[in-house]
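Chain by chain, the residues:
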Amino acid sequence: MPPPLDWLTLADAFEAACLLRCMPRPAELRPQRGAAHYPAPVVEFNREDAAQRMRQLLERLEVPVEHEVSVGGLRRRYEVHRLRVRREHRVGYARLLEVGWRQGRRELLAAPVPGASTARRVWVPRLAEAAWRSALLAGGRHVRRHILGVRLTDRELAAVLIRSATLLGVSATLRPGTGCFLVSVADGPDRAVILHRSALAPARAGDPA
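My aim in this report is to walk through the structure given alongside it, one point at a time.

Criteria and thresholds
Residues numbered from 1 in each chain as written. Predicted model: local features only at pLDDT ≥ 70, side-chain atom pairs only at ≥ 80, totals over all residues. Heavy atoms only, no water. Helix = DSSP H or I, 4+ residues; strand = E, 2+ residues; numbered from the N terminus. Buried < 20%, exposed > 50% of the residue type's maximum accessible area, 1.4 Å probe, protein only. Areas by Shrake-Rupley, 256 points an atom, 1.4 Å probe, with all protein chains shown as cover. Salt bridge = Lys/Arg side-chain N within 4 Å of Asp/Glu carboxyl O. Expected span 1.5 Å × (residues − 1). Polar contact = N/O pair within 3.5 Å; in protein donor to acceptor, adjacent residues only side chain to side chain. Pairing = 2+ DSSP bridges. Axes fitted to C-alpha atoms, helices over the stretch in contact; angles between N-to-C directions.

Looking now at the overall build of the chain. Helix and strand counts for the chain stand at six helices and seven strands. In the chain, the order of α-helices and β-strands from amino to carboxyl end is α-β-α-β-β-α-α-β-β-α-β-β-α. Counting every position in the chain, which comprises 209 residues, the buried fraction comes to 44%. Carbon and sulfur atoms make up 52% of the accessible area of the chain, which amounts to about 11,800 Å² in all.

Laid out in C-alpha cells, this is it:
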C-alpha cells in the first residue's frame, strides 16, 4: 500500500481526481468490462476553465501534460480541450490520482474525530471545497431559480458532494435521473456558501502540513 499523501499534495491530487470523474472518457479509451475505470491518461473538457484548472493541478503535481484544442460543430461551434499525460509519466500519474481519490474520499466520509489535529480541521473542509469546485467546473450544471445543481454519472462522486456540502454547513439533495445523478443545493444562503467556498483562491502560504 502506498504511503499517505501530505495534505498539500492530497488537496491537488483529490481535486484532479474529482475533475476526471466528472468527465466521460474519450471513446477510444473507454475500458473493457471489468477493467479499472480511473484514472484515464487522456481527458476531454468542453470548458476551457475546467481544462486550465486540471492542467494547473497536474503541473503542481509535476505531471506534464499536452493541451490540444479542437473546434467542432456547424451552426453551433464548440471547443474540446484535450489533456494528454505524456507516456513516461502515466504510471506515476495514475497512482497519484488513485491514492488522492481514495485518501481524500476517506477523509471526507469519515465521522468527525474528537481531538482532530489542526491540520485535519483545516484541510478536510478544503477537500470539500475542492470536490464542489470540480463539479461546478466540469459537471453538467443544472441551474434553476430555486436550486444550484450538477449532473454526474459517478455515484461515488455524488456521495462525496453530499458529504462535502454537510461539512461546509449546507444541505444538499441527491436525485437519480436518466443515466445520471443530480446533486443540488437550494437557492439563497446555501447556494451562496457553495459558490463562495468553491471559488478559486490565491496560492496559500504557511498552510499546516
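Moving on: the pattern of salt bridges. Summed over the entire model, instances satisfying the criterion amount to 13 salt bridges. For Arg55, the salt bridge is made with Glu59, and the minimal N-O distance between the two is 3.3 Å. Taken together, the positions of Arg55 and Glu59, both in helix H2 (residues 48-60) and four residues apart, correspond to about one turn of that helix. Exposure remark for Arg55: the relative accessible area of 28% places this residue in the partly exposed category. We classify Glu59 as partly exposed; its relative accessible area is 48%. Across the salt bridge formed by Arg102 and Glu98, the nearest N and O atoms sit 2.9 Å from each other. Taken as a pair, Arg102 and Glu98 lie in helix H3 (residues 90-109) at a separation of four residues, close to a single helical turn. For Arg102, a relative accessible area of 53% translates into the label exposed.

Further remarks concern helix H5 (residues 155-167). Given a rise of 1.5 Å per residue, 13 residues ought to cover 18 Å, and the 19 Å separating the end C-alpha atoms of H5 matches this to within 8%. Among all positions of H5, only Leu157, Ala158, Val160, Leu161, Arg163, Ser164 and Ala165 are buried. The backbone nitrogen of Glu156 lies 3.0 Å from a side-chain oxygen of the residue at the head of H5, namely Asp154. Downstream of H5 by one or two residues, Gly169 has phi in the positive range, about 80°.

This brings us to the sheet that holds strand S1 (residues 42-45). Spatial ordering of the open sheet is given by S1-S3-S2, a layout of three strands whose pairing is antiparallel. With one partner strand each, in any of the chains shown, S1 and strand S2 (65-72) form the two edges of the open sheet. Taken over all neighbouring pairs, the strand axes of this sheet differ in orientation by 20° on average, direction set aside. Looking at chain direction, S2 and strand S3 (residues 78-85) are connected through eight bridges and run antiparallel.

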